[in-house]
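Residues per chain are reported as follows:
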Amino acid sequence: PLVHLNPVLPEVALVGRSNVGKSSLLNALVGQPGLARVSGTPGKTTLLNAYRLPGFYLIDLPGYGFARAGKSARASYRSLVTRCLGERPTLGGVVWLLDIRHDPSDDDLDMQQLLIRSGRPVLAALTKADKLGRTAVAARARQVADALGLPQDQVQVTSSRTGLGIGDLAASIVAAVEENR
Ligand code: GTP
Ligand code: MG
């Protein structure tokens, strides 16, 4: 009899600036507050860490745009992310995190180019919505989507603190993973 191997599960990577809330979002999606290390000090996540969810793996990547990172750290970050996006056959999609309060930075726009070149399906998650009032959230969501040329249905407002949008984001990730199998 043949040994039945589990089919390879697709992976979904979380990318975004350092401190944007990747590890917090991962913990919220998984529902386990202490799983990925969260910190007020940027540059907490330094390696690629994978977490198994039902049906896919979530990959917590280090953040970009960390001002105090040296030149060689930046170069190795770029190569880690470029290879993860470009060369991982198991990568099914990307969740790109942007702080809802800020316009996309130059580093964000660089990441956008990498994402476009990778051809991967991308969902944008606007983080830390609890820091704004309801009206400002709606206005900022439109502004960020416009600045990036993204359709509204590719943009999800979230808060890891209050749980806003976490269920919807999870459902969108599962749908994207299924669609791209
Ligand atoms: P690196 O690993 O350094 O790239 O950071 P990260 O993107 O993983 O961010 P992390 O989840 O460690 O969060 C950074 C800081 O933002 C921490 O102080 C978090 O508590 C805070 N934070 C994350 N998500 C939210 C949120 O939804 N609301 C608020 N108010 N704070 C948040
Ligand atoms: Mg992190």
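For the structure, see preceding data.
Residues numbered from 1 in each chain as written. Chains lettered and ligands numbered in written order. Predicted model: local features only at pLDDT ≥ 70, side-chain atom pairs only at ≥ 80, totals over all residues. Heavy atoms only, no water.

Now for the sheet that holds strand E4 (residues 91-99). The strand order across the open sheet formed by 6 strands is E2-E3-E1-E4-E5-E6, and the pairing between neighbours is mixed. Strands at the two margins of the open sheet, each flanked by one partner only, are strand E2 (49-53) and strand E6 (155-157). Within this sheet the neighbouring strands show an average axis-to-axis angle of 25°, counted without direction. As paired elements, strand E1 (residues 11-16) and E4 share 6 bridges and run parallel to each other. Residue Val-12 lies in a different strand from E4, and its bridge partner there is Gly-93. (Pairing = 2+ DSSP bridges. Helix = DSSP H or I, 4+ residues; strand = E, 2+ residues; numbered from the N terminus. Axes fitted to C-alpha atoms, helices over the stretch in contact; angles between N-to-C directions.)

Here we come to the pairing of strand E5 (residues 122-127). By the criterion of burial, E5 is predominantly enclosed, with 6 of the 6 residues buried. Judged from the 6 bridges that link them, E4 and E5 form a sheet pairing that is parallel. Across the sheet, residue Trp-96 finds its bridge partner in E5, namely Ala-124. With helix H3 (residues 106-118) bridging E4 and the parallel E5, this β-α-β connection has right-handed handedness. A crossover connection joins E5 to the parallel E6 through helix H4 (residues 134-148); in handedness this β-α-β unit is right-handed. (Buried < 20%, exposed > 50% of the residue type's maximum accessible area, 1.4 Å probe, protein only. Right-handed = clockwise from strand over helix to strand, strands pointing away.)

Let us now look at the packing of helix H2 (residues 71-87) against H3. Contact geometry for H2 and H3: axes closest at 9 Å, N-to-C directions at 30°. Accordingly, the angle class assigned to the pair H2 and H3 is roughly parallel. The hand of the H2/H3 crossing is right-handed. Between H2, through Tyr-77, Arg-78, Val-81, Thr-82 and Leu-85, and H3, the contact on the second element is made entirely by Met-111, Leu-114, Leu-115 and Ser-118. (Parallel < 35°, antiparallel > 145°, perpendicular 65-115°, else oblique. Left-handed = near helix turned anticlockwise from the far one by under 90°. Contact = heavy atoms within 4.5 Å.)

Moving on: H4. Its 15 residues give H4 an end-to-end C-alpha distance of 21 Å, which sits within 8% of 21 Å, the value for a rise of 1.5 Å per residue. Looking at H4, one finds that the buried residues are Val-137, Arg-140, Ala-141, Val-144, Ala-145 and Leu-148. Projected down its long axis, H4 carries its buried residues within an arc of 130°, all on one side. Away from its buried face, by an angle of more than 90 degrees, H4 presents the exposed residues Thr-135 and Asp-146. Against E4, H3, E5 and E6 lie the buried residues of H4. Trailing H4 by a residue or two, Gly-149 shows a phi angle of about 65°, which is positive. (Expected span 1.5 Å × (residues − 1). Arc of directions from axis to C-beta.)

Take it as geometry only, folks, not as evidence of what the structure does.
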